[in-house]
Amino acid sequence: MALTVPVAEIVENSKNPLLGKHESWERVLLGDIATIQNGFPFKSSQFTKDGGMPLIRIRDVGADNTDTNYVGDYEQAFVVEAGDFLIGMDGDFNCARWRGSKGLLNQRVCRVTLKSDIYHPKLLDYVLPGYLKAINEMTSSVTVKHLSSKSIAEIPLPLPPKDQQKRIVAEIEKQFSRLDEAVAGLKRVKANLKRYKAAVLKAAVEGRLVETEADRARREGRSYETGEQLLQRILETRRSQWQGKGKYKEPAAPDTTDLPELPEGWVWATTSQVLREVKDGTHDTPKYHDTGIPFITQKHVKAAGFVFDDFSRISLEDHENFYRRSNPERADILVSMIGVNRGESCIVDTDEVFSIKNVGLLKPDHKTSSVKFIKYFLSSALGQRLLLRGSKGGAQPFVGLAELRKWPLTVPPLAEQHRIVAEVDRHLSLLHKMESQVGASLLRAANLRQSILSRAFSSSPLATNSECFDVN
């Protein structure tokens, strides 16, 4: 829907300092100092991925390229050059300078071109986003929010004297430059923490994170149960449990042809050998209801943990039908089986009853295996590679139940599994603390950026640079 409140009224009633101005400044309507050009409705039948002229659509505002080209005729007036100021007129009302090569201005994207040097172009870059955000927040939305060029033209921008505009821009850029350096450093730390986590998991599943049970047993002069013996104990227990219950099918062993060599005392196995059950949820889409049983899909399975919110609900009848196929419970492992996050896994940490779709269900035997060790293996680069090599499909890739059941995983001695888990937990606890600190610092940097702009737009023309931009 479109804006129904006058832009001047939004600005007048706003408490947002980004929409403020110093009392000595005037305001000027954007339409009085700039030309606002709407994009052209180019025919979608002539859109292409290859050849032609790049076409700049709403989703491309803020990017430096587009994946859509246009092969039809066009007028030169709609050619966008690098550095042109663009506004997306649907959705979030994003604005940015175009950083790509020459392109065409598509409909629902407008170009703002200053008519004279009365307004500093870079000041416009810093001022306008706050006004567009305020308009966006006041625009009703049933489907997609729409912005008109008339509303854009009516934006009352602050108008400092020209010499002060230059001072403001120079000081903002100086402070933003320092802030950008700090943020870049924080992002490097964040990337290093991600690599650190991968390295910890890699060492864990390769037997290099803690002393192996074989080495410890030798050092202590004792025997130990190897991973192979543990696996045989698991299988023998399962065979005995099946006696008198029908025909028992021996789970398939892994093909170890291309699997890496394991430490002494470890053995390769498949999920169907180690786990009590390996199932998958329904692949049907039932009718959703306002109340009922939570219906969990692959989007709720995240590497960071089980996301038990923002779910749909299904009827008790549908749930009972699905529950006969798979019955997820606390401490089970869920695995996404479809889409970009296929292979991601998490441990169920709720007692609430729910049904699953496009999600694999791994049920460990807690007496003979460490759930967390299995989860860490599945999350490691090695575990992901071994599962995804059996992935199928094109546009919507998926992992089938057969691949899930023959997913290879390592089986260390049980005591060693527990030591590995304890050490991984210790590393990840430290990692999470550092990630929280980095996240908090990035948030402070974002707030500081807003503080710098707030001070800039309300500073006195007689104040010094340091006084204008003091954000302490």
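This one's a predicted model, so the numbers in the text were calculated from it and none came from an experiment.

Asker: I tried to follow the overall build of the chain on my own but got confused; where do I start?
Answerer: Scanning the chain for helices and strands turns up 14 helices and 22 strands. Based on the C-alpha atoms only, the size of the chain along its principal axes is roughly 90 × 50 × 45 Å. Counting the 472 residues in the chain, one finds 47% classified as buried. Pairs at least 24 residues apart make up 73% of the contacts formed inside the chain by residues separated by at least 6 positions. Of the accessible surface of the chain, which amounts to about 24400 Å², a share of 51% is contributed by carbon and sulfur atoms.

Asker: Please explain unusual backbone geometry as it appears in this structure.
Answerer: What is expected of a backbone is that most residues other than glycine have negative phi and most peptide bonds are trans. Unusually for a residue other than glycine, Ala331 sits at a positive phi of about 75 degrees. Along the chain, Ala331 falls in the loop between helix H9 (316-323) and strand S18 (333-336). Backbone geometry places Asn358, a non-glycine residue, at a positive phi of 55 degrees.

Asker: Would you take a moment to explain the packing of aromatic side chains for this structure?
Answerer: Aromatic ring pairs: the centre-centre distance and the angle between the two ring planes describe each pair. Under the criterion given, the structure shown has 10 aromatic pairs. Between Phe42 and Phe78, the ring centres sit 6.4 Å apart and the planes meet at 85 degrees, which makes this aromatic pair edge-to-face. With Phe42 in the loop between strand S2 (34-38) and strand S3 (47-48) and Phe78 in the loop between strand S5 (69-70) and strand S6 (79-80), the pair connects residues that are 36 residues apart, well separated along the chain. A single burial state applies to Phe42 and to Phe78, both of which are buried. Taken together, the aromatic side chains of Phe40, Phe42, Phe47, Tyr70 and Phe78 make up a single cluster linked through ring pairs. We note Arg449 situated over the ring of Phe176; from NZ or CZ to the ring centre the distance is 4.5 Å.

Asker: Explanation requested: the side chain of His427 in the structure shown.
Answerer: For His427, the position within the fold is in helix H13 (residues 414-458). Taking relative accessible area as the criterion, His427 reaches 14% and is therefore assigned buried. Side chain to side chain, His427 and Tyr196 meet in a polar contact 2.5 Å long. What His427 contacts, discounting residues up to four positions off in sequence, is Tyr196, Val200 and Leu209.

Asker: Just to check I follow, could you spell out the environment of Phe176 for this structure?
Answerer: With respect to the helices, strands and loops of the structure, Phe176 is situated in helix H5 (residues 162-205). Judged by its relative accessible area of 8%, Phe176 is buried. Spatially, the C-alpha atoms of Phe176 and Leu448 are 9.5 Å apart, while their sequence positions differ by 272 residues.

Asker: What am I meant to see in the confidence of the model for the chain here?
Answerer: The predicted coordinates of low-pLDDT regions are not to be read in fine detail. Residues of the chain with pLDDT of at least 70 account for 96%, and the chain-wide mean is 91. S6 holds the highest mean pLDDT among the elements of the chain, 98, whereas helix H14 (residues 465-468) holds the lowest, 47.

Asker: What should I look at first to understand the sheet that holds strand S4 (residues 53-56) in this one?
Answerer: Consider a sheet: its strands pair through backbone hydrogen bonds, and that pairing is either parallel or antiparallel. Sheet architecture is open: 5 strands sit in the order S3-S5-S4-S9-S6, paired in mixed fashion. Pairing within the sheet leaves two strands with one partner each, and these edge strands are S3 and S6. As paired elements, S4 and strand S9 (residues 103-105) share 2 bridges and run parallel to each other. If you follow Ile56 over to S9, its bridge partner there is Leu105.

Asker: Looking at this structure, I do not really get the sheet that holds strand S8 (residues 95-97). What am I missing?
Answerer: Pairing is antiparallel in the open sheet, where 4 strands are placed in the order S2-S10-S7-S8. Both edges of this open sheet fall to S2 and S8, since each of them pairs with a single strand only. Here the average twist between neighbouring strands, direction ignored, is 25 degrees. Relative to strand S10 (residues 109-114), strand S7 (residues 85-88) is paired through 4 bridges, and the arrangement is antiparallel. Each bridged residue has a counterpart across the sheet, and for Gly88 the counterpart in S10 is Val109.

Asker: Help me out: how do you make sense of the pattern of salt bridges in this one?
Answerer: Where side chains of opposite charge bring their charged atoms close, a pairing between them can arise. Throughout the structure, instances matching the rule amount to 31 salt bridges. Between Arg219 and Glu211 there is a salt bridge whose closest N-O contact spans 2.8 Å. Among the salt bridges present, the one from Arg218 reaches Glu264, with a minimum N-O distance of 2.9 Å. Here Arg218 is found in helix H6 (residues 213-220), whereas its partner Glu264 is found in the loop between helix H7 (227-242) and strand S12 (267-270), with 46 residues between them in sequence. You can call Glu264 partly exposed: its relative accessible area is 45%. Connected through shared salt-bridge partners, Glu213, Glu220, Arg222 and Arg419 make up one network.

Definitions and limits used
Residues numbered from 1 in each chain as written. Predicted model: local features only at pLDDT ≥ 70, side-chain atom pairs only at ≥ 80, totals over all residues. Heavy atoms only, no water. Helix = DSSP H or I, 4+ residues; strand = E, 2+ residues; numbered from the N terminus. Buried < 20%, exposed > 50% of the residue type's maximum accessible area, 1.4 Å probe, protein only. Contact = heavy atoms within 4.5 Å. Areas by Shrake-Rupley, 256 points an atom, 1.4 Å probe, with all protein chains shown as cover. Phe/Tyr/Trp six-rings, centres within 6.5 Å; stacked < 30°, edge-to-face > 60°. Lys NZ or Arg CZ within 6 Å of the ring centre and 35° of its normal. Polar contact = N/O pair within 3.5 Å; in protein donor to acceptor, adjacent residues only side chain to side chain. pLDDT = per-residue confidence, 0-100. Pairing = 2+ DSSP bridges. Axes fitted to C-alpha atoms, helices over the stretch in contact; angles between N-to-C directions. Salt bridge = Lys/Arg side-chain N within 4 Å of Asp/Glu carboxyl O.

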